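Observations on the three-dimensional arrangement
If you want the building blocks of each chain, they are given just below.
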Amino acid sequence: MGVIQSVWHWLATTLKLMTYNKAGFIGFLATTAILIVCLIGPFFIPLDTQTKLDQIYQPPSAEHWFGTDHQGRDIFSQIVHGGKDVIYVAAIAAFLSTFIAVTFGTLAAFAGGKIDGGIMGVTDIILTIPQFPLLAVLAAFITFDNITYLGLFLGALSWPALLRAVRSQALSLKERDFVEAARALDLGTGHIVFRELVPNMMTYIVISFTLALTAAVYTQVGLVLLGLVPVSSSNWGVMISLAWTQGAIFFRDAMWRIMMPILAIALFQLSVITMTRSLELAFNPRLRTMV
Amino acid sequence: MAPIIEVRNLTKQFGKGKERVTAVDAVSFAIEPGETVCLVGESGCGKSTTGRMVAGLLEATSGEVLFEGRNIKQLSSDAFRRYRQTVQIIHQDPYSSLNPTQTIRDILTAPLLRHHKAKNRAAAEARALEILEVVDLTPARDVIAKYPHQLSGGQRQRVAVARALTVDPKFIVADEAVSMVDVSIRVSILTMLARLKKEFDVTFLFITHDLALAKYFAWEGRITVMYLGRIVEDGPTQRLITDPRHPYTQALLSAVPEADPELAQHKRQIELRGAEIPSLLALPPGCTFHPRCPYFVPGQCDVAAPPLEAIPEGGRVACPVRRQEHVSLLV
Amino acid sequence: MAKSKLDWQTGDANDRQAPLSLENVHVAYNTRRGKVRAIRGVTIDLHAGESLALIGESGSGKSTLGLAIVRLLPDTAETSPGVITYRRDGREVNVLQLKPGELRAFRWSECAMVFQAALNAFNPVLKVWAQALDTAKAHGWHDKEAVRRRLVELLEFVQLDPKRVIDAYPHELSGGMRQRVLIALALLLNPQILILDEPTTALDIITQRTIIKLLRELKEEQHFTMIFISHDLAIAAELADRVATMYAGRVVELGTSDDIFYRPRHPYTLGLIRAVPTVTGGFEQLFSIPGSPPDLVDLPKGCKFHPRCAFASDRCKQEEPELEEVSPGHTAACWHWHEVEAELQRNPLHRGALNLTDVIAVDVEVA
Ligand SMILES: Nc1ncnc2c1ncn2[C@@H]1O[C@H](COP(=O)(O)OP(=O)(O)OP(=O)(O)O)[C@@H](O)[C@H]1O
Ligand SMILES: Nc1ncnc2c1ncn2[C@@H]1O[C@H](COP(=O)(O)OP(=O)(O)O)[C@@H](O)[C@H]1O
Ligand code: SF4
Ligand code: SF4
Ligand SMILES: [Mg+2]
Ligand SMILES: [Mg+2]
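Residues numbered from 1 in each chain as written. Chains lettered and ligands numbered in written order. Predicted model: local features only at pLDDT ≥ 70, side-chain atom pairs only at ≥ 80, totals over all residues. Heavy atoms only, no water.

Focus: the nonpolar core
The criterion, for reference: Residues grouped as a nonpolar core are buried Ala, Val, Leu, Ile, Met, Phe, Trp, Tyr and Cys residues, joined through side-chain atoms within 4.5 Å. Relative accessibility decides the category of a residue: with a 1.4 Å probe and only protein chains considered, values under 20% of the type maximum give buried, values over 50% give exposed, and everything between is partly exposed. We count a stretch as a helix when DSSP gives it H or I for four or more residues in a row; a strand needs E for two or more, and each element gets its number in order from the N terminus. Per the annotation, domain bounds derive from an automatic or database assignment of domains. It only takes one pair of heavy atoms within 4.5 Å for two residues to be counted as in contact.
Core analysis: the biggest nonpolar cluster contains 109 residues, and I183 and L194 of chain C have the highest contact counts within it. Looking at this core, the element that brings in the most residues is helix α6 (residues 175–187) of chain C, giving eight residues. Counting contributing residues, this core receives three or more from each of domain 1 (15–240) and domain 2 (264–350) of chain C. Not counting residues up to four positions away in its chain, the partners in contact with L194 of chain C are A112, V114, A186, L187, L218, F224, T225, M226 and I227 of chain C. Listed in part, the 72 residues of the second largest apolar core include V161, A177 and L228 of chain B together with L286 of chain C.

What follows is the structure, encoded as structure tokens:
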């Protein structure tokens, strides 16, 4: 009972705070809508796999909202089905990179000395490796038939910039008196990192997460587009890639086929980025208790 | 009994190379259990740095901190843990000393649970409520659910004291603990601290730049005056306030603005030879006060740093020239 | 120092008209939480040549009142009803109705303000000399040499070495030096009134003393008309001829410095005085005022001090008292000021000096 109530209260406050920034709230609504369409949509809208030669490259209409492709298949149904994997991979990558960055960034800041030196050394090395070419090269050796691996892989390479940012945030927080008080009370490193430092970086972390998410979408699509990761199932990246290789940009009629997945990606990115404005408000402890 | 805290030749340097400064320079003093000692001086003279070294939060460059007679660097891990909890610190700024993301409940129960001062959450909360009553934060039930920013500066400062009390400290470094609190409530916090002295046998190292406050809080105790990282004078409060010997102490006392028009009229004005405090990066040789001191003796004061020597009336004075002389603060 | 050259305050201060009169001044800030009623009906005359101290806790409205006088409140502030009358040489204007052009002249050449938090008051990228010149130019004073002479004279007056300071950036100066430069800049256009917001707060004790000395000189030798704003009673005791105590946006007591410090009639003033220790005074028992100041958005009914007042009665919870004369030239806003008087007869406020006769001779009997 108590738990349900407090969770409910938390959600209600969060939502209320998010409405304080109109653009941010619209971004939030759009993100939610896209997620719902991509995650639940496939159960209601069957993927159109049937070749209908009389309907190729049709512009958007009441029947085919986003038009049809080179085999007369409905693009809208492909878009609905093609979002899930893109978002899934990006989310895994973002989770992993945020987790690594936050944990080790705060630890480096707080522990200092050799631990800090070690962590920063590794970070700098990874930061100097050109990521995209590395991914491209690696992709030649590893086949990403499992998209979870692709997500983990992207995440494992994209944390260094965030880690540096988190570390410098934590360094300034560390000078605050409440951290010194926690040291005097001998509350332990775990407590200091996860109870004192991290909650004060929450806004920052959440925003970094969304940025990591958008970055992972682009990297992923880029890899697919270049045909470097042969992901089998259909997704927005594969759609662009196929359209591209089949020369869609040369036909005026084929415009919808290539534009729709691009628009879907752009809209998703835009929604997520604008949503961060509201997230900033929602995770501000001061505002939280004012509503 | 051994002093609860003693420091010997405690020195702290910050920075490297040309930027290197000595913030605390060979400071020695001892504090007996039950005593109240005030550390006074102008900003940047090394009070907080000394306080943080005493509390083991900052490592000394040289010299030692002794807890109950033993060097804290040589304590076993168990003994060190006991020292850690026995010596607590209260900071100046009530807006940065409490974590804004935690409720007062979180702030108080964390140390209780960690150090097994309470068996479970419920017991910890009950104890937290008790402690809130001790620091006069009532009704405790309302306060415990709040976030720091929902409390006033004075109330936050009480929470900071309550947090220190969770681990049953015997020694508290109060670093400018009431400087940022409104005058009207300052006294009530001081009174509360004074009560802790009596009821819980807490020994205080009270750091302040406000001599009037030091006089009030440590009337029965001692005052130590610092200037540019060194102790220039210490002694029983009543002696030091009424019969200051070091020219810097006199200058400080005579400069304090008085909240009483008649005293303000009758205060002796001591003219210094220089107004500016020298930078720690370019300290004058010998007695560091000599460029400003009205009693400066060329060839003596600017040669060797004067030793801190005891006087019969109580305490120590680092000025061979004026150690024996009385100066009245009122005219 | 050639003080005779400074054409500041001339003539016999006492037979001039009040240069500034506030009548029923109100200020409210519009915020998301509602209206913050920072000033509620302040009526006060500033006498020519006097120094008036405004004291009171943080948030009592002292700075707001100062900003209202020089019209530097943010746009979210409302200032009606109320009249602020400024007089010089027989002319009179309502400050609250000045147009933007007139305001700029008023702010520097008639009534200058030295702000709380001295560093923020400077433009960080301008040298002291450039700031002075900008100010002078903005007021149509283009004779560079004359401005420089005046600035040098003023810097000498505030005991700074002009050579060292004039070409310095604000951050190169210490806190005390900055405060003195600000005072010098405020005097640049020879204003009639000087308002100083927390002139010594955040300065070291010895530096505070040098500023106090400087302000005393302005007061005693130049007969400057000044308003000091401070939460530190000591500034009032050191510098003020008259003191006004503010609480929750009102002046609750007004009198000469001696009246306020030794014969207060308002429980809040009494509370403040009993809360502050002195160094050379005898050891005294101090008392704090319970509770905390009211929320200015949601003020209690009746006397705003009643939740914290030891003298409060049922009447205090219903009706708010107005200032009334308690002795000539001394007013207090309290229904029960007679009881405060009686309390002070039982426990007078004179603390006396520390008794040190066995150690040192106190030359003058204090109190
Ligand atoms: N720009 C503003 N917007 C909203 N409220 C304000 C603003 N400036 C001041 N206030 C409010 O007006 C009230 C009076 O503030 P003011 O700064 O005049 O107090 P003060 O007496 O000068 O305090 P202090 O001693 O802290 O300087 C306070 O409640 C303050 O929060
Ligand atoms: N962490 C630090 N790094 C570098 N310098 C410091 C640090 N802490 C304090 N200092 C310097 O040491 C001197 C003494 O500081 P502090 O002990 O805070 O003085 P006080 O408390 O007496 O005002 C100052 O010059 C200050 O700038
Ligand atoms: S030693 Fe000399 S310079 Fe230093 S305080 Fe004494 S008299 Fe002054
Ligand atoms: S009017 Fe009443 S509540 Fe207000 S100060 Fe006087 S006695 Fe206190
Ligand atoms: Mg300090
Ligand atoms: Mg103010």
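Observations regarding the environment of L22 of chain C
All names here are of chain C. You can see L22 is positioned in strand β1 (residues 20–31). Overall, L22 belongs to the buried group, its relative accessible area being 3%. Sequence spacing of L22 and L65 is 43 residues, and the spatial spacing of their C-alpha atoms is 9.9 Å. Those residues within four positions of L22 in sequence are excluded, and the remaining contacts are V42, T43, I44, L65, I69, V83 and I84.

Some words on the domain arrangement of chain B
Residue and element names in this part refer to chain B. Selection rule: Any carboxyl oxygen of Asp or Glu within 4 Å of a side-chain nitrogen of Lys or Arg constitutes a salt bridge here. Here a polar contact means two N or O atoms within 3.5 Å. Within protein one must be a hydrogen donor candidate and the other an acceptor candidate, and residues neighboring in sequence count only if both atoms are side-chain atoms.
Split into domains, chain B comes out as domain 1 (5–101 + 169–242) and domain 2 (245–331). Listed as interface residues are 25 residues of domain 1 and, on the opposing side, 26 residues of domain 2. Summed over the shared surface of domain 1 and domain 2, the result is one salt bridge. Across the contact surface, domain 1 and domain 2 share ten residue pairs in polar contact (both at pLDDT 80 or more).

Here's the deal with the site of ligand 4
Going by this rule: Proximity criterion: a residue is near a molecule or strand once any of its heavy atoms comes within 4 Å of it. Three classes are used, and their members are as follows: Ala, Val, Leu, Ile, Met, Phe, Trp, Tyr, Cys and Pro are nonpolar, Asp, Glu, Lys and Arg are charged, and the others, Gly among them, are polar.
C303, C309, C316, C334 and W335 of chain C are the nearest of the 13 residues found near ligand 4. Taken together, the residues that form the shell around ligand 4 break down as ten nonpolar, three polar and no charged.

Concerning helix α11 (residues 236–245) of chain A
Residues and elements named next belong to chain A. Counting buried positions along α11 gives seven out of ten residues, so the element sits mostly inside the fold. Those residues of α11 lying buried are W236, G237, V238, M239, I240, S241 and A243. Among the structural elements, α2 (22–44), α3 (75–111), α10 (202–225) and α12 (255–282) are those in contact with the buried residues of α11.

Thoughts on the domain arrangement of chain C
Residues and elements named next belong to chain C. Just so we agree on the cut-off: Buried area: the sum, over both parts, of the accessible surface (1.4 Å probe) that disappears when the two are put together.
As far as domains go, chain C holds domain 1 (15–240) and domain 2 (264–350). At the junction of the two partners, domain 1 supplies twelve residues and domain 2 supplies twelve residues. For the pair domain 1 and domain 2, the two sides together bury roughly 1000 Å², of which 57% comes from carbon and sulfur. Three residues, R40, E57 and L233, lead the burial of domain 1 against domain 2; their summed loss comes to 47% of the area buried on that side. Between R33 and D295 there is a salt bridge, with the nearest N and O atoms lying 2.6 Å from each other. Viewed at the interface, domain 2 and domain 1 are joined by five residue pairs in polar contact (both at pLDDT 80 or more).

Remarks on the pairing of strand β6 (residues 91–94) of chain C
For a regular strand, side-chain orientation follows a simple rule: the groups alternate between the two sheet faces. What counts is decided by this rule: We call two strands paired when DSSP finds no fewer than two bridges between them.
Both strand β5 (residues 83–88) of chain C and β6 of chain C contribute to a ladder of four bridges, which runs antiparallel. Bridge assignment links Y86 of chain C to a residue of β6 of chain C, and that residue is V93 of chain C.

Some points on the interface of chain B and chain C
Across the boundary between the two partners, chain B contributes 48 residues, which contact 54 residues of chain C. Each partner contributes to the roughly 4600 Å² buried at the junction of chain B and chain C, and carbon and sulfur atoms together form 64% of this total. Our enumeration of links across chain B and chain C arrives at one salt bridge. K213 of chain C is the salt-bridge partner of E271 of chain B, the closest N and O atoms lying 3.2 Å from each other. Here chain B and chain C share 16 residue pairs in polar contact (both at pLDDT 80 or more) between them. Listed by contribution, the elements that provide at least two residues to the side of chain B that touches chain C are α7 (183–199), α8 (211–217), α9 (237–242), α10 (247–255) and α11 (261–266) of chain B. Broken down by element, the side of chain B that touches chain C gets its largest block of residues, six residues, from α10 of chain B. Split by residue class, the side of chain B that touches chain C holds 27 nonpolar, ten polar and eleven charged.

Describing the sheet that holds strand β8 (residues 193–197) of chain C
All names here are of chain C. Stated formally: Inter-axis angles, ranging from 0 to 180 degrees, are taken between N-to-C directions of lines fitted to C-alpha atoms, where helices are fitted over the stretch in contact.
Ordered by their spatial adjacency, eight strands build an open sheet running β7-β8-β9-β3-β10-β11-β13-β12, and the pairing between neighbours is mixed. Each edge of the open sheet carries a strand with a single partner, namely β7 (111–114) and β12 (324–327). The mean inter-strand angle of the sheet, taken between neighbouring strand axes irrespective of direction, is 25 degrees. Those strands touched by helix α2 (residues 100–110) are β7 and β8, and its axis lies near 75 degrees from that of β7. Here helix α7 (residues 205–220) sits on the sheet and contacts β3 (51–55), β8 and β9 (225–230); the angle it forms with β9, its principal contact strand, is near 150 degrees.

Brief notes about the packing of aromatic side chains
The description of an aromatic ring pair rests on the distance of the ring centres and on the angle between the ring planes. Rules: Aromatic rings from Phe, Tyr and Trp, taking only the six-membered ring of Trp, are treated as a pair when their centres fall within 6.5 Å; an angle between ring planes under 30 degrees marks them as stacked, one over 60 as edge-to-face, and anything in between as tilted. In this analysis the charged atom, NZ for Lys or CZ for Arg, is taken to sit over a ring once it is within 6 Å of the ring centre and within 35 degrees of the ring normal.
Evaluated as defined, the whole model comprises 14 aromatic pairs over all chains. Between the aromatic rings of W10 of chain A and F283 of chain A, the centroid separation amounts to 6.5 Å while the plane-to-plane angle is 65 degrees, which identifies the pairing as edge-to-face. Of the two residues, W10 of chain A sits in helix α1 (residues 2–18) while F283 of chain A sits in the loop between α12 and α13 (285–288), which places them 273 residues apart along the sequence. Judged by relative accessible area, which is 41%, W10 of chain A ranks as partly exposed. For K197 of chain B, the ring lying beneath its charged end belongs to F217 of chain B, and the centroid distance is 4.3 Å. The positively charged end of R315 of chain C is found above the aromatic ring belonging to W335 of chain C, 3.6 Å away from the centroid.

Quick word on the interface of chain A and chain B
Counting residues at the interface gives 19 residues for chain A, matched by 27 residues for chain B. Taken together, the two surfaces of chain A and chain B that pack against each other cover about 2200 Å², and 53% of this comes from carbon and sulfur. The largest contributions to the chain A side of the interface with chain B come from E180, L185 and D186 of chain A, which together make up 26% of the buried area. Our count for the chain A to chain B interface comes out at one salt bridge. Notably, a salt bridge pairs E180 of chain A with R52 of chain B, separated by 2.7 Å at the nearest N-O pair.

Observations regarding the environment of Q13 of chain B
Residue and element names in this part refer to chain B. Note on placement: Q13 falls in strand β1 (residues 5–14). Residue class for Q13 comes out partly exposed when judged on its relative accessible area of 26%. Once the C-alpha coordinates of Q13 and Q150 are considered, the two residues, 137 residues apart in sequence, prove to be 39 Å apart. The residues touching Q13, leaving out its near neighbours within four places in the chain, are R20, V21, T22 and T61. In this structure the side chain of Q13 is engaged in a polar contact, spanning 2.9 Å, whose partner is the side chain of R20. A distance of 3.1 Å separates a polar atom in the side chain of Q13 from a polar atom in the side chain of T22.

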